[in-house]
Amino acid sequence: TPLINARLPKKMQSLLLLVGQKAERENVRVFAVGGFIRDLLLQIPNHDLDLVVEPAAIPFAEKLNELLRGQLTTHEQFGTASIVVPGGTQIDLVTSRQEFYARPAALPEVEQSSLKNDLFRRDFTINTLACSLKVSEFGTLIDFFHGIDDLGKGLIRVLYNLSFVEDPLRVLRAVRFEQRFGFRLEETTLSLLENAAQTRVLEKVSKERLYDEIQLALLEEKTPEILIRYFELQLAPLLFPGVCYSEKLKNRLTSTREMIAWAGRNWPDAAVSPSALYLAALMLELPFQEARHLCRRLRLPRNEVERVLAAVESVPQLLTKLLTPESLKNSELYHLFSGLPAEVLLILQAENSLSRIWESTSLYWEKLRHIKPDVGGRDLLAEGYLPGPVFQEVLLALKDARLDRQVLNREEELSLARKLFAMKEKNDA
């Protein structure tokens, strides 16, 4: 209770008390569980609330929502409900239950059970902590599996030896939590994880579920460390076949995080996809066809695939052209970068820190892509010129001249257009 009062916003404190009062009136037991309690103890903000309800979640959720007036969703077959309250906080409610796995990596069969069994089905001891919210028990901390001990020691520990076999995604989750919190894998857990990697249990998981878990890793603050750890634990060959680990890859991944932060500050309109950027950093040295196959294997959305493959295809060629001894004109830079997503420019910066690369990409994104000639097609029509191939050539030439500051205003552009048309007519004659 002192932690709730000291570390949670007043709105969340009020919400917990309201839930507890409703539980008392309805004569049910309600517990805040999992990540919410873990992060409360670690002093990490986490305002999405996971609740376990005894005996049944859905009837209690319906009663609770009469007070909260939020958006209620129920799933009868699973005995779960969620409420999105005004302000955006999400409350997930589940009936206390236990799970049975008919075979490794299968989705579990569920039946109603006690709180202890419900917590035992969870992935790691640090996620098994619970706190009663019912008024008569409010604030009572429940720790069946020594989760507080492991939090204090900074350990990621599974609850039973078949944990990674029954749900192989826990292998990736273990690495994600290890790096997020700066913890370490407990000795037996590490041994079980290494065995799971050797026996390739991740191959039994559907590609959709696997991609969802990888996507979560790509959104973490410590994504580079997570991806590097995949290589250290021999998980990467199952996730990213063909990608070879090297010091260069390690540095590129770390630089990619810096580029994401830098773009957030300097290119706010770039709408950068961190996951696409990290995947491009991973696949940069793969042959294009192998990279495309890996994108399909990961079930990436089309817009992610386009950004990743644009980087894989373009970056090596761009580096060759940008690092030539002669400086490129603005128009040449524009044509090099035009149409490419911002992720390509950022991977260029992550791959090579030379000032020429930074100056070129920044000049294009911040200035060149916004430059447009004052004279357009309608102006040329008004001058009496007819549409056709020459017409388009002149428009492109005007754009290049404006980029290279050979013309500075509308009058100079029109003068240049007349000269270009005249030269073309003379050559044709």
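In the block above lies the structure referred to throughout.
As the structure is a computational prediction, the values presented were derived from the model and not from experiment.

J.: Can you walk me through helix H13 (residues 247–266) in this structure?
T.: Think of an α-helix as turning once every 3.6 residues; residues three or four places apart then point the same way. Taking 1.5 Å per residue, 20 residues should reach 28 Å; H13 reaches 28 Å between its end C-alpha atoms and fits that length. Among the residues making up H13, those that are buried are Leu249, Arg252, Leu253, Ser255, Thr256, Met259, Trp262 and Ala263. Contact partners of the buried residues in H13: helix H11 (223–232), helix H14 (274–283), helix H18 (342–351) and helix H19 (355–366).

J.: Help me understand the sheet that holds strand S9 (residues 141–142), please; the structure alone is not making it clear to me.
T.: Two pairing modes exist for strands in a sheet, parallel and antiparallel, and in both the strands are linked by backbone hydrogen bonds. Strand order in this open sheet of seven strands is S3-S4-S5-S2-S1-S8-S9, and the pairing throughout is mixed. Each edge of the sheet is formed by a strand with only one pairing partner; in this case those strands are strand S3 (71–75) and S9. By the bridge criterion, four bridges tie strand S1 (residues 29–33) to strand S2 (residues 49–54) in an arrangement that is antiparallel. Of the residues in S2, the one forming a bridge with Ala32 is Leu51. Along the sheet, helix H2 (residues 10–26) contacts S1, S2 and strand S5 (90–95); its crossing angle with S2, the most-contacted strand, is approximately 10 degrees.

J.: Mind showing me how you'd approach helix H3 (residues 35–42) here?
T.: With six of eight residues buried, H3 is to be regarded as a mostly interior element. Listed as buried for H3 are Gly35, Phe36, Ile37, Arg38, Asp39 and Leu40. One or two steps after H3, the chain reaches Gln43, where phi turns positive at roughly 60 degrees.

J.: Would you explain the side chain of Lys134 in this entry?
T.: With respect to the helices and strands, the residue Lys134 is situated in the loop between strand S8 (130–132) and S9. Despite its burial, Lys134 pairs with no opposite charge; the closest candidate is Glu24, at 4.7 Å N-O. Setting aside chain neighbours within four positions, we find Lys134 in contact with Gly20, Ala23, Glu24, Asn27, Val28, Arg29 and Val30.

J.: What exactly am I supposed to notice about unusual backbone geometry here?
T.: Backbone geometry follows two general trends: most residues other than glycine have a negative phi, and most peptide bonds adopt the trans configuration. With an omega dihedral of 10 degrees, the bond running from Glu54 to Pro55 counts as a cis peptide bond. Within the fold, Pro55 resides in the loop between S2 and helix H4 (57–68). With a phi angle near 60 degrees, His146 is a residue other than glycine that sits in the positive phi range. Within the secondary structure layout, His146 lies in the loop between S9 and helix H6 (147–153). Positioned with a positive phi, Gln234 is a non-glycine residue whose angle comes to about 65 degrees.

J.: Help me understand the state of the cysteines in this model?
T.: Working definition of a disulfide: a covalent bond connecting the sulfur atoms of two cysteines. According to the stated counting rule, one finds zero disulfides in the structure shown. Residue Cys295 stays outside any disulfide, its sulfur separated by 17 Å from that of Cys244, the closest cysteine. Take Cys295: its relative accessible area is 1%, and that puts it in the buried class.

About the criteria used
- Residues numbered from 1 in each chain as written.
- Predicted model: local features only at pLDDT ≥ 70, side-chain atom pairs only at ≥ 80, totals over all residues.
- Heavy atoms only, no water.
- Helix = DSSP H or I, 4+ residues; strand = E, 2+ residues; numbered from the N terminus.
- Expected span 1.5 Å × (residues − 1).
- Buried < 20%, exposed > 50% of the residue type's maximum accessible area, 1.4 Å probe, protein only.
- Contact = heavy atoms within 4.5 Å.
- Pairing = 2+ DSSP bridges.
- Axes fitted to C-alpha atoms, helices over the stretch in contact; angles between N-to-C directions.
- Lys, Arg positive; Asp, Glu negative; His and termini not counted.
- Salt bridge = Lys/Arg side-chain N within 4 Å of Asp/Glu carboxyl O.
- Disulfide = S-S within 2.5 Å.

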